[in-house]
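An overview of the molecular structure
The chain contents come next:
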Amino acid sequence: MAKTKFTKETYLGWYESMLLMRRFEEKAAQLYGQQKIKGFCHLYIGQEAVVAGTVSATRKDDKHITAYRDHAHAIALGIPSREVMAELYGKVTGCSKGKGGSMHMFSKEHNFFGGHGIVGGQIPLGAGIAFADKYLGGDQVTICSFGDGAARQGALHETFNMAMLWKLPVIFICENNGYAMGTSVERTTNAPDMSIIGKGFDMPSFVVDGMHPETVHEAIATAVERARKGEGPTYLDIRTYRYRGHSMSDPAKYRTKEEVEEYKKKDPIEVIKATIEKQKFADAAWFDEMEAKIEAIVLDSVEFAENSPYPDGSAIYEDVYSEPNYPFITE
């Protein structure tokens, strides 16, 4: 497969998107420590290249669904930082009206179907979304992301079988950061190459370097092309790394400092910055301006969340049921 020649605009877009994800998550960690954000909180720091490369290789009308480490996905798909931060605060102006919190971001407008707190619960849902699009005659593709721990769920195997049988337009992404909570991949399987899971279903399956948005973009673009042609799903074992613990309550003592520092040498944001500098796509002033721009966006999101109201108690009865809408049924 020939390597894609990415444009200046793509590189600058990746840098801005990943920097916003990083600074947003760093601020979320700070606010969690101040008890402004409560409950569970799973940060995406270190994994930004995965979602950046995925979004650049897909269309606006493609669907995305993921697990509870979902803030960066929401931001990358265009949900305003204000709404993401307000959701972390549990405020009514959040993208899930303050009812979902950190683990359940959602936006129909941006084709983001969550944020799911049940480990692996989004895997069959992702296939269902893809089935609906195929049934209705669309050519949208669903991106279904999950972690290496969720890949151990039985529902994955049932879903993979059905997706291949019906040639569903879905791309399964294992965001393989090496640890299921505090348990390393090597301790959970005798086959640490997780790409082989899909091969048991004759599903095209590949290992992808997840520390570079270029390699992620290329892998996703190839899988998307297959899906739109009606050739069915693809499974990608995207190797990445999280710098923080599994959640804010995890001290991550199961890893050595040396291991973390070794991965930080491959930091996706710094690597993209180095490429931009080498190609002379931007100068030092541009990077300074971008830092200032991102800082302003993050601080604005905090102010917006702080000043937004909590949901009224009666809201607990809203959005529980929905009127059925079956566009494929005619009188």
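Residues numbered from 1 in each chain as written. Predicted model: local features only at pLDDT ≥ 70, side-chain atom pairs only at ≥ 80, totals over all residues. Heavy atoms only, no water.

As a further point, take the overall build of the chain. For the chain, the helix and strand inventory stands at eleven helices and seven strands. Scaling as 2.2 N^0.38, a compact globule of 331 residues should have a C-alpha radius of gyration of about 20 Å, and the chain matches this with 20 Å. Based on the C-alpha atoms only, the size of the chain along its principal axes is roughly 55 × 50 × 40 Å. A buried classification covers 50% of the 331 residues belonging to the chain. For the chain, the accessible area works out to roughly 16200 Å², and carbon and sulfur atoms hold 54% of it. Placing the 38 positive and 46 negative side-chain charges of the chain at their respective mean positions leaves the two points 3 Å apart. (Helix = DSSP H or I, 4+ residues; strand = E, 2+ residues; numbered from the N terminus. Rg over C-alpha atoms; globule rule 2.2 N^0.38 Å. Buried < 20%, exposed > 50% of the residue type's maximum accessible area, 1.4 Å probe, protein only. Areas by Shrake-Rupley, 256 points an atom, 1.4 Å probe, with all protein chains shown as cover. Lys, Arg positive; Asp, Glu negative; His and termini not counted. Charge placed at Lys NZ, Arg CZ, Asp CG, Glu CD.)

Attention now goes to the pattern of salt bridges. Applying the stated criterion across every chain yields a total of 19 salt bridges. Of the charged contacts, one joins Glu 16 and Lys 293 as a salt bridge, the two residues approaching to 2.7 Å between their closest N and O atoms. Highlighted residues: Glu 16 in helix α1 (residues 8-33) and Lys 293 in helix α11 (residues 284-307), separated in sequence by 277 residues. For Glu 16, a relative accessible area of 25% gives the class partly exposed. One salt bridge in this structure joins Lys 229 and Glu 225, with 3.4 Å as the shortest N-O distance. Lys 229 sits in the exposed class, given a relative accessible area of 56%. According to the relative accessible area criterion, Glu 225 is partly exposed, its value standing at 45%. What emerges from the salt-bridge pattern is a single network uniting Arg 22, Glu 48 and Asp 267. (Salt bridge = Lys/Arg side-chain N within 4 Å of Asp/Glu carboxyl O.)

Let's shift gears to unusual backbone geometry. The phi torsion of most residues other than glycine is negative, and most of the peptide bonds are trans. One non-glycine residue, Gln 35, lies in the positive phi region at around 65°. The residue Gln 35 is located in the loop between α1 and α2 (48-56) in this model. In this structure, Lys 97 is a non-glycine residue whose phi angle is positive, near 60°. Mapped onto the elements of the fold, Lys 97 is located in the loop between α4 (81-89) and α5 (122-135). When its relative accessible area of 41% is taken as the criterion, Lys 97 is described as partly exposed.

So, about the pairing of strand β2 (residues 142-147). Within a regular strand, the side chains alternate between the two sheet faces. Most of β2 is tucked away, with five of its six residues classed as buried. Note that strand β1 (residues 63-65) and β2 share three bridges and pair parallel. Residue Ile 65 lies in a different strand from β2, and its bridge partner there is Cys 144. Where β2 lies against strand β3 (residues 170-176), six bridges are found, and the strand directions are parallel. Each bridged residue has a counterpart across the sheet, and for Cys 144 the counterpart in β3 is Phe 172. Handedness of the β-α-β unit built from β2, helix α6 (residues 154-165) and β3 comes out right-handed. (Pairing = 2+ DSSP bridges. Right-handed = clockwise from strand over helix to strand, strands pointing away.)

For the rest of this paragraph, the subject is the environment of Val 216. Structurally, Val 216 is set in helix α8 (residues 213-228). Along the chain, Val 216 and Gly 53 lie 163 residues apart, while their C-alpha atoms are 5.0 Å from each other. In this structure Val 216 touches Ala 49, Val 50, Gly 53, Thr 54, Val 208, Asp 209, Gly 210 and Ile 238, once residues within four positions along its chain are discounted. (Contact = heavy atoms within 4.5 Å.)

A separate point is the nonpolar core. Core analysis: the biggest nonpolar cluster contains 67 residues, and Tyr 15, Met 85, Ile 171, Ile 220 and Ile 276 have the highest contact counts within it. With twelve residues, the single largest contributor to this core is α1. When near neighbours in sequence (up to four residues on either side) are disregarded, Met 85 contacts Phe 24, Lys 27, Leu 31, Ile 37, Ser 301, Val 302 and Ala 305. If you look at the next biggest cluster of nonpolar residues, it comprises 22 residues, including Cys 144, Ala 151, Leu 168 and Met 194. (Core = buried A, V, L, I, M, F, W, Y, C linked by side-chain atoms within 4.5 Å.)

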